[in-house]
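# Tertiary structure, described
Chain by chain, the residues run as shown.
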Amino acid sequence: MDPAVASALSGSLPLPSAHGAATMTNGAGASMCTAVVLPAVSLPPTFAAAEAARKRQEQENNAIRLVHLLVTCAKAIQAGDYGAAFSNLSEAHTALTTKVSAASGIGRVVSHFALALAHRLCPASPTQSGGVLDAATSAGHASELYRQFYDAGPYLKFAHFMANQAILQAFDGCDRVHIIDLAIMQGVQWPALIRTLSLRPGGPPAIRLTGVGPPPAEDGSCNELHEVGVRLAEFARACNVPFSFRAVTGHTLDALQPWMFQIIPGEALAVNSIYQLHRLLVDPDAASTSLPSPIDAVLSWVAAMQPRVFAVVEQEADHNKPSLVERFTNALFYYAAVIDSMEARSPHHRSLGAEAYLQREIFDIVCGEGSDRVERHEPLRLWHARLLRAGLAQLPVGPRETWQALALLREFSGSWYGVMETAGCLTLMWHDQPLFTASVWSGAPTNTVAAGMLLEPADIKKSSSDNSDQQQVAAGGISMQRARARERFE
């Protein structure tokens, strides 16, 4: 190949000789010029660095412009100017397809919020077509999304670890213990606790676990609570731990009553709430003055049960604002940190199910108004005051728990995850952004506790006892193979 052609294909151009071009004569006597090819000259390092910096600045400017368009769209929706809202959203979609990649970085975050705004403007439109929700829905139902979110980062692991540590301390020296999980989900929190209790000097206590969850499917095709109980009972049996499981079903926690949990005097009681209490909140300016709010009702009967420990983990966020713009802006920064932490941990693998788990929360925060909205996250200072008002006493997190939580986080993305102690509570951090806060409380006995709340009404007692065999799963009555149970949890 001609050197000049090869040089052109490689991206470099031949430079003229310092002595000019050499000439030669062809057979016809015509002169012909030949180029002297010198080594290719690369761009100076300073120029390449400047070009990379220029591109980064351009991407940053495009991202800022995109965020501004979405916030402006939210403002227009709040003001009732839907024409302007559609215009801003259309421009944002154009930017997402031409200037900002939705596959990573800020584009990955704002794409969820753009879909949420589109769904709010046109609820009947297929705004999720081809998006994360479609991909995740094909993989399974809500429990599958939960499982993928569990695997995507330390968020649930941090919550479970902090709650289990508090429960272990509260159960020290107790022979009979009772755990009430206000949202047991797939039960992934409890094998670690069961295993630890099985190694306790002097032998494990007898464990009674009550799991709260949705009712089984009407057609009988799915009874997830029962399946969770079976798996946990077999796991406990393999660990030689006395264990029984009882399911309590309900669509909302405030529909439950404390007598449903069958509190037995002499048992050490623990109540566990992971990302659940915020669902009981209402709009701050819409709370009824004549009736207790759902959160006050639930905290009242939790305090009445006088648990040794009440473990609470909640999102460290402020999404319970009547103003759409405030909710939207706060949520945008919060979920940007969560998704950024997921991306940093697995830069080459995008968990569609984990993002769909978060996207459902984003859709609720952006699209829901009034009683339709359930994702009402509030910061620690509000929870701290609310739990104290309910008559619960705080059990401060100690330095040992802080050190152990840091050790747990070392498994995830090096030093970017951290913990921060605030007011006796521990917060999971991503850089300087708080994500989730764990706090520990106790229902100390008081003279004002309404003991009657714990007694089952006479007209219900007979029917509930008739169904007790269907509600409870004992460790000795399970026929599943031990190896299978261990594979599901370990």
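Not measured: the values here are computed from a predicted model. (Residues numbered from 1 in each chain as written. Predicted model: local features only at pLDDT ≥ 70, side-chain atom pairs only at ≥ 80, totals over all residues. Heavy atoms only, no water.)

## Structural notes on the environment of H226
Within the element layout of this structure, H226 appears in helix α9 (residues 224–238). On a C-alpha basis, the gap between H226 and A247 in space is 7.2 Å, while along the polypeptide they are 21 residues apart. (Helix = DSSP H or I, 4+ residues; strand = E, 2+ residues; numbered from the N terminus.)

## Side note on the pairing of strand β3 (residues 176–181)
For β3, the buried fraction is high: five of the six residues fall into the buried class. Note that the unit made of β3, helix α8 (residues 190–198) and strand β4 (residues 206–213) has a crossover that is right-handed. Here β3 pairs with strand β6 (residues 268–274) via five bridges, running parallel. The residue bridging I180 from the neighbouring strand is V271, located in β6. (Buried < 20%, exposed > 50% of the residue type's maximum accessible area, 1.4 Å probe, protein only. Right-handed = clockwise from strand over helix to strand, strands pointing away. Pairing = 2+ DSSP bridges.)

## Some thoughts on the pairing of strand β7 (residues 309–315)
Of all seven residues in β7, seven are buried; the element is thus mostly enclosed. Pairing of β6 with β7 involves five bridges; the strand directions are parallel. Counterpart to V271 in the pairing with β7 is F310. Pairing of β7 with strand β11 (residues 433–442) involves six bridges; the strand directions are antiparallel. From the neighbouring strand, V312 faces β11, where its bridge partner is S439.

## A look at α9
Its 15 residues place the ends of α9 21 Å apart at the C-alpha level, agreeing with the 21 Å of an ideal helix rising 1.5 Å per residue. Burial analysis of α9 places eleven of its 15 residues in the buried class, the great majority of the element. Every buried residue of α9 is listed here: L225, V228, G229, V230, R231, L232, A233, E234, F235, A236 and A238. The positive-phi residue at the C-terminal boundary of α9 is N240, with phi of around 60°. (Expected span 1.5 Å × (residues − 1).)

## A short note on the packing of aromatic side chains
Summed over the entire model, instances satisfying the criterion amount to twelve aromatic pairs. Between the aromatic rings of F149 and Y155, the centroid separation amounts to 5.2 Å while the plane-to-plane angle is 15°, which identifies the pairing as stacked. A residue is classified by how much of its surface remains accessible, and F149, at 1% relative accessible area, is buried. Among the residues examined, Y155 registers a relative accessible area of 0% and is labelled buried. Between Y155 and Y417 the ring centres are 6.4 Å apart and the planes differ by 70°, which places this aromatic pair in the edge-to-face class. Here Y155 is found in helix α7 (residues 155–170), whereas its partner Y417 is found in strand β9 (residues 417–422), with 262 residues between them in sequence. The two residues Y155 and Y417 agree in class, both being buried. An aromatic cluster of three or more residues is present, and its members are F113, Y146, F149, Y155, Y275, F328, Y334, Y335, Y357, Y417, W430 and F436. (Phe/Tyr/Trp six-rings, centres within 6.5 Å; stacked < 30°, edge-to-face > 60°.)

## Examining the pattern of salt bridges
Scanning the entire structure with this criterion turns up 13 salt bridges. Here R373 ties to D283 by a salt bridge, and the two come within 2.9 Å at their closest N and O atoms. In this pair, R373 sits in the loop between α12 (352–367) and α13 (380–389) while D283 sits in the loop between β6 and α10 (294–304), placing the two residues 90 residues apart along the sequence. Side by side, R373 and D283 carry an identical accessibility label, which is buried. The salt bridge involving D318 is made with K321; its shortest N-O contact spans 3.5 Å. Among the charged side chains, a network of salt bridges with common partners joins R120, D283, R327, E369, R373 and R376. (Salt bridge = Lys/Arg side-chain N within 4 Å of Asp/Glu carboxyl O.)

## Side note on the nonpolar core
By size, the foremost hydrophobic cluster in this structure holds 100 residues, and its most contacted members are F113 and Y155. In terms of residues, this core owes the most to one element, helix α11 (residues 324–345), which gives eleven residues. Look past the residues within four positions of F113 in its chain and what remains in contact with it is L70, F328, A331, L332, Y335, I362 and V366. If you look at the next biggest cluster of nonpolar residues, it comprises 25 residues, including F261, V298, M305 and L392. (Core = buried A, V, L, I, M, F, W, Y, C linked by side-chain atoms within 4.5 Å. Contact = heavy atoms within 4.5 Å.)

## Things to note about the confidence of the model for the protein
Looking at the protein, pLDDT values average 81 and 74% of them are 70 or higher. Note on residues 459–471: pLDDT under 50 across the span, and six contacts to partners over four residues away in sequence or across chains. (pLDDT = per-residue confidence, 0-100.)

## Topic: the environment of N320
Mapped onto the secondary structure, N320 falls in the loop between β7 and α11. For N320, a relative accessible area of 3% translates into the label buried. C-alpha separation for the pair N320 and V374, spaced 54 residues apart in sequence, amounts to 9.3 Å. Contacts of N320, omitting those with residues within four sequence positions, involve L281, V282, D283, P284, R373, R376, H377 and E378.

## Some remarks on α8
What α8 keeps buried is the set W190, P191, L193, I194 and L197. The buried residues of α8 occupy an angular sector of 160° when the element is viewed end-on, so they sit on one face. (Arc of directions from axis to C-beta.)

## Focus: the packing of helix α6 (residues 142–152) against α7
Contact geometry for α6 and α7: axes closest at 6 Å, N-to-C directions at 85°. Of the possible angle classes, the one that applies to α6 and α7 is roughly perpendicular. Contacts from Y146, F149, Y150, D151 and A152 in α6 reach Y155, L156, K157 and H160 in α7. For the contact of α6 with α7, the residue count by class is six nonpolar, one polar and two charged. (Axes fitted to C-alpha atoms, helices over the stretch in contact; angles between N-to-C directions. Parallel < 35°, antiparallel > 145°, perpendicular 65-115°, else oblique. Nonpolar A, V, L, I, M, F, W, Y, C, P; charged D, E, K, R; others polar.)

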